[in-house]
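# Geometric and topological summary
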Amino acid sequence: MKLPWKSGADVADEAPAQSVSDAATAAPETPARSGATTPGKGRPTPKRRDAQGRRSGPVAPPPTNRAEARARRKAEKSTLSKEERKELRAERNKARSEQREKMMSGDEKYMIARDRGPVRAYTRDLVDSRRNFAGLFMPFAIVLIVAMMLPDFAFYINFLMLAFVVFMLIDSVILGRMVNKRVRERYPETTDGGLRLGFYAFTRAMQLRMMRAPRPRVSVGDEV
């Protein structure tokens, strides 16, 4: 506003000074910040696997088949680093080793359905307590493969193989009948028996003793 006693030059000089003063009063005071350093978080950065485990939201349902489980494992591996995949592989191998050891020791929780139950355990004990002719099948097969490289002995090899098969079948029939009889005496109410139980005993008898799973609980000649 121009007053009568002020000239135009005085009014022009006073207006910019008043605008600068008003701007300084209106601007908020901000603390000075140095751009040289960034303040730390005070905690280590979590791994991607840990961060995913703490992620909020609904939990995915378990896979319904093997194909879906493989797809999930593949997707999970694609989000992990090389070190994390190595750690995950080591953990899975350790878990499988522990499960196999518990299965070999006779823990039914880790057995397949075919080996579970007292009848199957008793059948395994009966097989493991006797010497089975079928247990010579694998060593005989190795000897037979080596002997087949000698064509001069082809006739004798065929005759020996036929005799071995006949003796193995006879011993397997005796084993199956013995197992079914003993199982009916000890577990008269069981429905597990007949040809199915006899074949189970035969397949275990064919394996080498050191390769049988679960591991034998009795020695040869023990009373079962």
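Rules and cut-offs
For every chain, the first residue of the written sequence is number 1, and numbering continues from 1 along that sequence. In keeping with the predicted nature of the model, local features appear solely for residues at pLDDT of at least 70, side-chain atom pairs appear and are counted solely at 80 or more, and the whole-chain, interface and lining totals rest on all residues. Neither water nor hydrogens contribute to the side-chain values; these are computed over all heavy atoms in the structure. Only DSSP runs of H or I reaching four residues or more are called helices, and only runs of E reaching two or more are called strands; each is numbered from the N terminus. When accessible area is computed with a 1.4 Å probe and restricted to protein chains, residues below 20% of their type maximum are described as buried, those above 50% as exposed, and intermediate ones as partly exposed. Note on areas: Shrake-Rupley with a 1.4 Å probe; residue coverage comes only from the protein chains shown. Helix span is expected to be 1.5 Å times the residue number reduced by one. What makes two residues a contact is simply this: any of their non-hydrogen atoms within 4.5 Å. The predictor's confidence in any single residue is recorded as pLDDT, a number from 0 to 100. Every axis corresponds to a line fitted to the C-alpha atoms, with the helix fit spanning only the stretch in contact, and the corresponding angles, defined between N-to-C directions, vary from 0 to 180 degrees. The labels follow the angle: roughly parallel below 35 degrees, roughly antiparallel above 145, roughly perpendicular from 65 to 115, and oblique for the rest. Crossing chirality is assigned from the near helix's rotation relative to the far helix, an anticlockwise turn below a right angle marking it left-handed and a clockwise turn marking it right-handed. Charged means Asp, Glu, Lys or Arg here, nonpolar means Ala, Val, Leu, Ile, Met, Phe, Trp, Tyr, Cys or Pro, and polar covers whatever is left, Gly included. We call a set of buried residues a nonpolar core when its members are Ala, Val, Leu, Ile, Met, Phe, Trp, Tyr or Cys and they connect through side-chain atoms within 4.5 Å of each other. Here a polar contact is recorded for every N or O atom pair within 3.5 Å, except that within protein the pair must consist of a potential hydrogen donor and a potential acceptor, and residues adjacent in sequence are included only if both atoms are side-chain atoms. For this analysis, a salt bridge means a side-chain nitrogen from Lys or Arg found within 4 Å of a carboxyl oxygen belonging to Asp or Glu. Ring pairs shown here join Phe, Tyr and Trp side chains whose ring centres sit within 6.5 Å, with only the six-membered ring taken for Trp; geometry is labelled stacked below 30 degrees between planes, edge-to-face above 60, and tilted in between.

Turning our attention to the overall build of the protein. Looking only at helices and strands, the protein has eight helices and zero strands in total. Reading the protein from its N terminus to its C terminus gives the helix and strand order α-α-α-α-α-α-α-α. The 224 residues of the protein split such that 21% are buried. Accessible surface, the protein as shown: approximately 17600 Å² in total, 60% of it carbon and sulfur.

As a further point, take helix 8 (residues 194-206). Helix length check: helix 8 (13 residues) gives 19 Å between terminal C-alpha atoms against 18 Å at 1.5 Å per residue, within 8%. Those residues of helix 8 that fall on the buried side of the exposure criterion are L197, G198, Y200, A201, F202, R204 and A205. Packed against the buried residues of helix 8 are helix 5 (118-128) and helix 7 (154-186).

So, on to the confidence of the model for the protein. Detailed reading of the predicted model is not advised wherever pLDDT is low. Chain-level statistics for the protein give a pLDDT mean of 78 and a share of 73% at 70 or above. In this model, residues 14-36 is a region of pLDDT below 50 whose contacts with residues beyond four sequence positions or in other chains number one contact.

Take the packing of helix 5 against helix 7 next. Relative orientation of the contacting elements helix 5 and helix 7 amounts to 135 degrees, with a least axis distance of 10 Å. Considering the angle they form, helix 5 stands oblique to helix 7. Here helix 5 and helix 7 pass one another in a crossing that is right-handed. The segment helix 5 lies against helix 7, with V119, Y122, T123, L126 and V127 engaging L175, M178, V179, R182, V183 and R186. Split by residue class, the contact of helix 5 with helix 7 holds eight nonpolar, one polar and two charged.

Once that is clear, we can look at the nonpolar core. L175, V179 and V183 are the most contacted members of the largest nonpolar core, which totals 17 residues. When contributions to this core are tallied by element, the ones reaching two or more residues are helix 5, helix 6 (137-147), helix 7 and helix 8. With residues up to four places along the chain from it excluded, the contact list for V179 reads T123, L126, L197 and A201.

Mapped onto the elements of the fold, N132 is located in the loop between helix 5 and helix 6. Judged by relative accessible area, which is 10%, N132 ranks as buried. Within the structure, N132 has its side chain in polar contact with the backbone oxygen of V127 (distance 3.1 Å). Contacts of N132, omitting those with residues within four sequence positions, involve V127, D171, L175, A205 and R212.

Attention now goes to the pattern of salt bridges. Throughout the structure, instances matching the rule amount to eight salt bridges. For E101, the salt bridge goes to R215, with nearest N and O atoms at 3.7 Å. Residue E101 is found in helix 4 (residues 82-104), and its partner R215 is found in the segment after helix 8; the two are separated by 114 residues along the sequence. The class of R215 is partly exposed, set by a relative accessible area of 39%. Two residues, D171 and R130, come together in a salt bridge whose shortest N-O distance is 3.4 Å. Taken together, the residues D171 in helix 7 and R130 in the loop between helix 5 and helix 6 connect sequence positions 41 residues apart. A residue is classified by how much of its surface remains accessible, and D171, at 15% relative accessible area, is buried. Connected via shared salt-bridge partners are R120, D192 and R196.

As a further point, take unusual backbone geometry. Residue P214 is reached from A213 by a cis peptide bond, and omega for that bond is -5 degrees. Assignment of secondary structure puts P214 in the segment after helix 8.

Another aspect to go through is the packing of aromatic side chains. For any pair of aromatic rings, the description rests on two quantities: the centre-to-centre distance and the angle between the ring planes. For the coordinates displayed, the defined rule picks out five aromatic pairs. On the basis of an interplanar angle of 70 degrees and a centroid distance of 6.1 Å, the ring pair of Y122 and Y187 is categorised as edge-to-face. Placement of Y122 in helix 5 and of Y187 in the loop between helix 7 and helix 8 is noted, with a sequence separation of 65 residues between them. For Y122, a relative accessible area of 5% puts it in the buried group. A ring pair is formed by F140 and F164, whose centres lie 4.2 Å apart and whose planes are at 10 degrees; its orientation type is stacked.

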